[in-house]
Amino acid sequence: MSNTETGIGKIAPVRAVAKGDGGNRTAWMGLIVLLALVPLVASPFHLDIASQIFIAAIGALALMVLTGIAGQISLGHGGLMAAGAFTTGILYKETGAGIWITLPASVVAGAVIGLIFGLPSLRLRGVYLAMSTLALHFVVIYLGGEYEFASGASTGIFLDPPVIFGYELYDGQAWYYALFLLVAGTYWGCSNLLNSKTGRAWEALHANETAAEALGVQVARYKLLAFVITSGIASFSGALFAYYQSFVSVEAFTLFMSIQYIAMIIIGGMGSLTGALLGAIFVTLVPYYIEWLMETVPYLGLDISTASSASHAAFGLLMILFLVFEPSGLIGIWKRTVARFSSQSKKEGVQ
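Residues numbered from 1 in each chain as written. Predicted model: local features only at pLDDT ≥ 70, side-chain atom pairs only at ≥ 80, totals over all residues. Heavy atoms only, no water.

A.B. asks: Explain the overall build of the protein residue by residue, including any values.
C.D. replies: Looking only at helices and strands, the protein has 14 helices and 6 strands in total. Per-residue burial over the protein gives 47% buried out of 351 residues. Sequence-distant contacts in the protein: of pairs separated by 6 or more residues, those separated by 24 or more amount to 78%. Here the protein has roughly 17300 Å² of accessible surface; of this, 68% comes from carbon and sulfur atoms. (Helix = DSSP H or I, 4+ residues; strand = E, 2+ residues; numbered from the N terminus. Buried < 20%, exposed > 50% of the residue type's maximum accessible area, 1.4 Å probe, protein only. Contact = heavy atoms within 4.5 Å. Areas by Shrake-Rupley, 256 points an atom, 1.4 Å probe, with all protein chains shown as cover.)

Below you can see the structure in the form of structure tokens.
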């Protein structure tokens, strides 16, 4: 199969994600059990970081399906998350709607926006498609800012903790388990989708649109479907972000957020759902690592603006390094490491 084209260059071979990423079922079950035990020993600070990773992971899975699998590059991911967050915030503020209304409404809002802004993908490719999705970000942020100004919520929209089955999601442990289940469900859903006829059609589109059309793939339909489904998931992630932060403001959804998500799928490994998870972990932890480094290393000092600038520079540098030296990303490193240990153990067994 041909190399992936995203409009910014050849990044990595397209893979059959669910077929190659599943791994050993026992190992996955062991990892799930281990993650389920984390809140019993983790501090509130570490639970907060884990929850941030989970929310990022849902958004990264959406972008991985859209760009890494279907081959439709997008710079509007932050705008889609903002759409979900503002849909949730506005419904809560104006009607007092609960989570069982706001979350589905956010998904629908994201899907509709995805359909509208997915239409240019029928005629545009590469950098031109990227620019059209970038417009999505600015449109959503503008509308969100206008609502804040018109409603008098110039400092943002505040939300109370959501209530699920009579239980208020307030403490770190409750959020950890809820988000953990949602990430697992999203991964499972995406994995099954990619193993379906739709997933195979997306892989064919990514490899070669002309060849896919010749094989009977309805190009326009599957392109729009990719935007609709992934936009709904991204908007869902934004709604969760709003509830977790208990606050919605345009200032939280900068263009840098979209860049972060692009970094997640590139660093994690294009075309891999597991890579999206690894990328979400890595990119979420980078700012904390830089802050720790600036506190630990003598003479660096710690300044908020300096730490922020360092984080921006780190993301750019990491993306370049992975694109040049490790295009398969973290998932590629992981697979090679597992293969190396496996071959060594086989040699020892033979001896």
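Let's pick the thread back up.
A.B. asks: Please give an account of helix α12 (residues 273–296) that cites residues and values.
C.D. replies: Taking 1.5 Å as the rise per residue, α12 with 24 residues should run 34 Å; its terminal C-alpha atoms sit 34 Å apart, in good agreement. At Val 286, α12 is bent by approximately 35°, the largest bend along its length, and proline Pro 287 sits one to four residues beyond. Looking at where α12 begins, the residue whose side-chain oxygen comes 3.4 Å from the main-chain nitrogen of Thr 274 is Ser 272. (Expected span 1.5 Å × (residues − 1). Bend = angle between axes of the 7 residues up to and from the residue. Polar contact = N/O pair within 3.5 Å; in protein donor to acceptor, adjacent residues only side chain to side chain.)

A.B. asks: Go over unusual backbone geometry, please, and point to the residues and values.
C.D. replies: One non-glycine residue, Ser 246, lies in positive phi territory at about 60°. Within the fold, Ser 246 resides in the loop between α10 (219–245) and β6 (247–248).

A.B. asks: Describe helix α6 (residues 126–151), and please don't skip the residues or the numbers.
C.D. replies: Here α6 is 26 residues long and its end C-alpha atoms lie 38 Å apart, about the 38 Å a rise of 1.5 Å per residue gives. Within α6 the residues assigned to the buried category are Leu 129, Ala 130, Ser 132, Thr 133, Leu 134, Leu 136, His 137, Val 140, Ile 141, Gly 144, Tyr 147 and Glu 148. Buried positions along α6 lie against α4 (77–95), α5 (99–118), β3 (157–158), α10, β6 and α11 (255–268). Immediately beyond the C-terminal end of α6, within one or two residues, lies Gly 152, with a positive phi of roughly 80°.

A.B. asks: Residue-level account of the nonpolar core, with values.
C.D. replies: Trp 202, Phe 253, Tyr 261 and Leu 273 are the most contacted members of the largest nonpolar core, which has 91 residues in total. Per-element accounting of this core gives the leading share, 15 residues, to helix α3 (residues 44–69). (Core = buried A, V, L, I, M, F, W, Y, C linked by side-chain atoms within 4.5 Å.)

A.B. asks: I'd like to hear about the layout of surface pockets, residue by residue, with values.
C.D. replies: Gaps between atoms show up when a probe of the same size as a water molecule is rolled over them. Considering only enclosed or pocket space, the second largest pocket measures out at about 660 Å³ in volume. The set of elements that each furnish at least two residues to the lining of the second largest pocket consists of α3, α10, α11, α12 and α13 (304–325). Of the residues belonging to the lining of the second largest pocket, the class tally is 14 nonpolar, 8 polar and 2 charged. (1 Å grid on protein atoms, 1.4 Å probe; cavity = no way out; pocket = protein on both sides within 12 Å on 5 of 7 lines; lining within 4 Å. Points joined across faces, edges and corners; volume = space filled by probe spheres on them. Nonpolar A, V, L, I, M, F, W, Y, C, P; charged D, E, K, R; others polar.)

A.B. asks: Account for the packing of aromatic side chains, naming residues and giving values.
C.D. replies: In this structure the tally under the stated criterion is 10 aromatic pairs. Ring centres of Tyr 176 and Tyr 177 lie 5.7 Å apart, and the angle between their planes is 90°; on these two criteria the pair is classed as edge-to-face. Linked through ring pairs, Phe 54, Tyr 176, Tyr 177 and Phe 180 together constitute an aromatic cluster. The side chain of Arg 221 reaches across the aromatic face of Tyr 222, ending 5.2 Å from its centre. (Phe/Tyr/Trp six-rings, centres within 6.5 Å; stacked < 30°, edge-to-face > 60°. Lys NZ or Arg CZ within 6 Å of the ring centre and 35° of its normal.)

A.B. asks: Lay out the pattern of salt bridges with the relevant residues and their values.
C.D. replies: Under the defined criterion, the tally for this structure stands at 3 salt bridges. One salt bridge connects Lys 223 with Glu 209, and the closest N-O pair in it is separated by 2.9 Å. One end of the pair, Lys 223, is in helix α10; the other, Glu 209, is in helix α9 (residues 209–214), with 14 residues separating them in the sequence. Since its relative accessible area comes to 16%, Glu 209 is described here as buried. Of the charged contacts, one joins Arg 336 and Glu 326 as a salt bridge, the two residues approaching to 2.7 Å between their closest N and O atoms. Remark: Glu 326 occurs in the loop between α13 and α14 (329–350) and Arg 336 occurs in helix α14; sequence separation between them is 10 residues. A cluster of three or more residues bridged by salt bridges with shared partners is formed by Arg 125, Glu 209 and Lys 223. (Salt bridge = Lys/Arg side-chain N within 4 Å of Asp/Glu carboxyl O.)

A.B. asks: Account for the side chain of Ser 272, naming residues and giving values.
C.D. replies: Take Ser 272: it is sitting in the loop between α11 and α12. The exposure class assigned to Ser 272 is buried, which follows from its relative accessible area of 0%. A distance of 3.4 Å separates a polar atom in the side chain of Ser 272 from the backbone nitrogen of Thr 274.

A.B. asks: Kindly report on the packing of α3 against α11, identifying the contributing residues and their values.
C.D. replies: Put simply, α3 and α11 touch, their axes get as near as 9 Å, and they point 70° apart. Taken together, the axes of α3 and α11 lie roughly perpendicular to each other. Between α3, through Ile 55, Ala 56, Gly 59, Ala 60, Leu 63, Met 64 and Thr 67, and α11, the contact on the second element is made entirely by Tyr 261, Ile 262, Met 264 and Ile 265. Of the residues assigned to the contact of α3 with α11, the class counts are 9 nonpolar, 2 polar and no charged. (Axes fitted to C-alpha atoms, helices over the stretch in contact; angles between N-to-C directions. Parallel < 35°, antiparallel > 145°, perpendicular 65-115°, else oblique.)

A.B. asks: Requested: an account of a nonpolar patch on the surface, with residues and values cited.
C.D. replies: Judged by side-chain polarity, Leu 317, Ile 320, Leu 321, Leu 323, Val 324 and Phe 325 come together as a nonpolar surface patch covering roughly 600 Å² of accessible area. You can call Leu 321 partly exposed: its relative accessible area is 37%. (Patch = residues over 30% accessible without salt bridge, like charges linked within 9 Å, V, L, I, M, F, W, Y side chains within 5 Å.)

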